[in-house]
Amino acid sequence: MLSRMSVAAVPIVLIMMAALVWAPTPAASQNAAAAITFHKDVLPVLQKNCQSCHRPGQIGPFSMLTFKDTRPWAKAIKAAVVSRAMPPWFADPRHGHFNNDRSLTQTEIDTIAAWVNNGAPEGDPTAAPPEIEWPAGGWQIKPDVSVDLPPYPVPARGIVEWERIAVPAPFKEDTWVTSVEIMPGVPAVVHHMCFGFQKHKATTPYGEYQWMEVPRGEDGTMTKPDGTTTGPRDGVVLTRVAGTTEVTRRVGRPTVYHEGTNEFCYLPGLPFEDYRPVNAGMLVPAGSDMIVSLHYTATGLAVVDKSRVGFTVTKTPPAKKFLPQDGPEGDSAPVERQQANATLAIPPYADNHPGPLAKISFLKEVELVWFRPHAHVRGKTVRYTLVYPDGKEETLLYLPRYNFNWQLTYRTSVKIPKGSKMLVQFTYDNSTANKYNPDPSKWVHYGGQSWEEMGTPNMGFLVDREADEKGFLVER
Ligand code: HEC
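Residues numbered from 1 in each chain as written. Predicted model: local features only at pLDDT ≥ 70, side-chain atom pairs only at ≥ 80, totals over all residues. Heavy atoms only, no water.

### Concerning the overall build of the protein chain
Part 1 of the reasoning: Scanning the protein chain for helices and strands turns up 7 helices and 26 strands.
Part 2 of the reasoning: Put simply, the protein chain has 476 residues, and 51% of those count as buried.
Part 3 of the reasoning: The contacts of the protein chain with a sequence gap of at least 6 include a subset with a gap of at least 24, amounting to 81%.
Part 4 of the reasoning: Surface exposure of the protein chain reaches about 22,100 Å², of which carbon and sulfur atoms provide 57%. (Helix = DSSP H or I, 4+ residues; strand = E, 2+ residues; numbered from the N terminus. Buried < 20%, exposed > 50% of the residue type's maximum accessible area, 1.4 Å probe, protein only. Contact = heavy atoms within 4.5 Å. Areas by Shrake-Rupley, 256 points an atom, 1.4 Å probe, with all protein chains shown as cover.)

Written out as C-alpha cells, the structure is:
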C-alpha cells in the first residue's frame, strides 16, 4: 500500500556512497552473501524494525518472531524493504532528526535482499540474538495500572459521529504518569481514540456518551461545514447512557468536553506515548477524569469493541514535564494556535490544494518532542517550518507523501525559544490520481469524518519541571 513512496526520498548521495562501499569483487560478494543467515544477520534487523508490529496480536499481517514464521514471506519481505514500503516511515530524510526513525539503512536493506537472493537460509540458531521479551496481553508497555472503557457496540453500517465519554482516572492521589497506551479491542473499527485528563467537574456525568448533531445531506456530506465539530458550542447534543441504545436530544452545550482531548491517542501506527526514555512525565491530579473521544468506523460487521487504557507511573517526580499542545494549562499554555479551518474548501479534481496555514506561537521556551500531523484520505503533503525570533526559518519535518493509513508520531528533540512560530502547511489531492479518493467530483470541507478533511498540526512538548513549577517559564 505504501509502495515506492520513499524510493525517491533516498538521497542520491547515500546510494552512491553505498555503491562505493559495497563494490566488492563478484567472488567476495558471493561469499559474503553465502554467509548471510537468518539467525545471525536478518533476525537482529527484524527485532529492531519489524517485530513491534509483526508478532501475534499486533497489526502486522504475519509474525516475524521465528525463522519458521518468517521464511514463507521471504520474497515479500525483500520486495517490501527494497521498495521502502516497510517499515512505514514517511519523513523526508533531508529534514529533521527523529529518534524513532525505523527506516532501514541501505546496508540493512542489502543484507535482507542478499539473504533472500541466496535462498533465505536459516543458519546456526545459536548465532541468534536473545529473544526480545515483548509485554504480555497485547500491550506494548507493561502497564502498572489499567482502565477498561465501557464496551461499545459498533454498528455494521452508517456514520458513527465522534462521541465523548467521561471515565474516572484510576489514581487516588496526585500521580506522575510516565507512559500511556490505548489498546483497541477491535482495531479494524477504531478510527481513533484519544483522551485527556481533566479535574472532575460536578456537571460532568460518568457513563454517558455525548456527541453533537452534525447536519448532513443525503450523501452524508456536512451541510454546514463550519469547522466546529469538536468545539464546545451550542447545538443539538445527543446523549446515550453506556450499555443502552436510547438516544436523547437536547439543545445546549455538551457537558462532557475538554480542550485537551488529543493529549493521548490511539491511531493506526501510533501505539503508545512513552516519556521514560527522556525522563519526563505528566502530573495527573487526584480526582481527575479521563475525557475520552471515540471515533468508530462501520466495517460491514457489527462488533462490540472493548478497548483499554494502560499507564506506567513513578513515585519520583521526573526532571521534565510533558505539556500537550492544546492542554488545559490555562495561563501557562505553552503555545497559541491559529488556523482558519472554516475556510478549507478543496475544489473538485484539485491535485495540490493548500489548506489554511496553521500558525503556532510559542509563549515559553519548550523542548519539542513529537510531531503527529493528522489529515484524512485527501491529505497529500505536510511541512512544519519553524520561524525563530530572529526570522531564520528551518523545516523540521516534511512528509512528501502523507498517508492516511499511517498516523505516525515523529519523535525528536528540538529546543524552541520563546517568541518562535511554527507554520504548518498541509496540501490535499482531490484528483483521480489519489487512489484513496472516494469522489474527486466533490467539494471537500472541514470535518471529522474521513471523507471530510482536516489538517491538524499536533505536537508534544517538554519543559523543565522545577523551572516550570517556580514560574520561570510562564512570563508572557
Ligand atoms: C508500524 C507497524 C509495522 C512495522 C514496524 C512493520 N510493518 Fe510490515 N506491515 C504492517 C501492516 C499493518 C501490514 C499490512 C498492511 C500493509 O501492507 O501496509 C504490513 C505488511 C507487510 C508485508 C506484506 C506486504 C504484502 O505483500 O502484503 C511485509 C512483507 C512486511 N510488512 C514486512 C515488514 C518488514 C520486513 C518490516 C521491518 C523491516 C516491517 N514490515 C515493519 C505493519 C508494520
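Moving on from the model shown.
### Regarding the state of the cysteines
Part 1 of the reasoning: Per the counting criterion, the structure on display carries 1 disulfide.
Part 2 of the reasoning: A disulfide bridge connects Cys 194 with Cys 265, and the sulfur atoms are separated by 2.1 Å. Its S-S torsion of approximately 105 degrees makes the covalent link between Cys 194 and Cys 265 right-handed. Residue Cys 194 is found in strand 5 (residues 190-199), and its partner Cys 265 is found in strand 9 (residues 264-266); the two are separated by 71 residues along the sequence. The pair Cys 194 / Cys 265 is uniform in exposure class, with both members buried. (Disulfide = S-S within 2.5 Å.)

### As for the packing of aromatic side chains
Part 1 of the reasoning: Throughout the structure, instances matching the rule amount to 20 aromatic pairs.
Part 2 of the reasoning: With centroids separated by 5.9 Å and ring planes inclined at 70 degrees, the aromatic side chains of Phe 98 and Tyr 410 adopt a geometry described as edge-to-face. Here Phe 98 is found in the loop between helix 5 (74-82) and helix 6 (106-117), whereas its partner Tyr 410 is found in strand 23 (residues 410-416), with 312 residues between them in sequence. Tyr 410 matches Phe 98 in its accessibility class, with the two residues each being buried.
Part 3 of the reasoning: Put simply, the rings of Phe 171, Phe 195, Phe 197, Phe 264, Tyr 275, Phe 311, Phe 322 and Trp 370 touch in pairs and so form one group of aromatic residues.
Part 4 of the reasoning: Just above the ring of Tyr 152 sits the side chain of Arg 240; from NZ or CZ to the centre is 5.3 Å. (Phe/Tyr/Trp six-rings, centres within 6.5 Å; stacked < 30°, edge-to-face > 60°. Lys NZ or Arg CZ within 6 Å of the ring centre and 35° of its normal.)

### Comments concerning the coordination of the iron atom of the ligand
Part 1 of the reasoning: Taken together, the protein donors to the iron atom of the ligand comprise His 54 (NE2) and Met 86 (SD), at separations of 2.1 to 2.3 Å.
Part 2 of the reasoning: Here the iron atom of the ligand binds 6 donor atoms, and the angle range of 87 to 178 degrees at the metal identifies the geometry as octahedral. Of this pair, His 54 sits in the loop between helix 3 (38-49) and helix 4 (67-70) while Met 86 sits in the loop between helix 5 and helix 6, placing them 32 residues apart in sequence. (Donors = N, O, S within 2.8 Å, 3.2 Å for Na, K, Ca; no water. Tetrahedral: all angles 85-135°; square planar, octahedral: opposite > 155°, others 65-115°.)

### Quick word on the side chain of Glu 273
Part 1 of the reasoning: The topology assignment puts Glu 273 in strand 10 (residues 272-274).
Part 2 of the reasoning: A relative accessible area of 2% places Glu 273 in the buried class.
Part 3 of the reasoning: A polar contact is formed between the side chain of Glu 273 and the side chain of Arg 372, at a distance of 2.9 Å.
Part 4 of the reasoning: A polar contact is formed between the side chain of Glu 273 and the side chain of Arg 411, at a distance of 3.2 Å.
Part 5 of the reasoning: Here Glu 273 is in contact with Thr 178, Ser 179, Val 180, Phe 264, Trp 370, Arg 372, Thr 409 and Arg 411, once residues within four sequence places are set aside. (Polar contact = N/O pair within 3.5 Å; in protein donor to acceptor, adjacent residues only side chain to side chain.)

### A few points about the environment of Asp 148
Part 1 of the reasoning: Structurally, the position occupied by Asp 148 is in strand 1 (residues 145-148).
Part 2 of the reasoning: Sequence separation between Asp 148 and Lys 306 is 158 residues, and the spatial gap between their C-alpha atoms is 7.3 Å.
Part 3 of the reasoning: Not counting chain neighbours up to four residues away, the residues in contact with Asp 148 comprise Ser 307 and Arg 308.
Part 4 of the reasoning: Side chain to side chain, Asp 148 and Arg 308 meet in a polar contact 3.0 Å long.

### Some details on the pattern of salt bridges
Part 1 of the reasoning: Counted according to the given criterion, the structure contains 10 salt bridges.
Part 2 of the reasoning: In this structure, Lys 40 and Asp 41 form a salt bridge, with 3.1 Å as the shortest nitrogen-oxygen distance.
Part 3 of the reasoning: One salt-bridge network, in which partners are shared between bridges, spans Glu 273, Arg 372 and Arg 411. (Salt bridge = Lys/Arg side-chain N within 4 Å of Asp/Glu carboxyl O.)

### Topic: the confidence of the model for the protein chain
Part 1 of the reasoning: Summary statistics for the protein chain give a mean pLDDT of 85 and a share of 84% for residues scoring 70 or more.
Part 2 of the reasoning: Long-range and interchain partners of residues 1-28, a stretch whose pLDDT sits below 50, account for 29 contacts in this model, where long-range means more than four residues apart.
Part 3 of the reasoning: Within the model, pLDDT remains below 50 along residues 225-231, and this stretch shows 16 contacts once partners closer than five positions in the same chain are excluded. (pLDDT = per-residue confidence, 0-100.)

### With respect to the pairing of strand 5
Part 1 of the reasoning: With 9 of 10 residues buried, strand 5 lies mostly within the body of the structure.
Part 2 of the reasoning: Strand direction decides the pairing type here: strand 5 and strand 12 (residues 288-296), joined by 9 bridges, are antiparallel. Each residue of the ladder has a partner; that of His 192, found in strand 12, is His 295. (Pairing = 2+ DSSP bridges.)

### A look at helix 5
Part 1 of the reasoning: Among all positions in helix 5, only Ala 74, Ile 77, Ala 80 and Val 81 are buried. When helix 5 is viewed along its axis, its buried side chains cluster within an angular range of 125 degrees and face the same direction.
Part 2 of the reasoning: Where helix 5 is buried, its residues meet helix 4 and helix 6.
Part 3 of the reasoning: Two residues or fewer past helix 5, Arg 84 is found with a positive phi of approximately 60 degrees. (Arc of directions from axis to C-beta.)

### A closer look at unusual backbone geometry
Part 1 of the reasoning: Cis geometry marks the peptide bond from Met 86 to Pro 87; its omega dihedral reads -10 degrees.
Part 2 of the reasoning: With respect to the secondary-structure elements, Pro 87 resides in the loop between helix 5 and helix 6.
Part 3 of the reasoning: The phi torsion at Asn 279 lies on the positive side, around 50 degrees, for a residue other than glycine.
Part 4 of the reasoning: The class for Asn 279 is partly exposed, based on a relative accessible area of 45%.
Part 5 of the reasoning: Positive phi, normally seen in glycine, also occurs at Tyr 349, with a value near 65 degrees.
Part 6 of the reasoning: Note on placement: Tyr 349 falls in the loop between strand 17 (345-346) and strand 18 (353-354).

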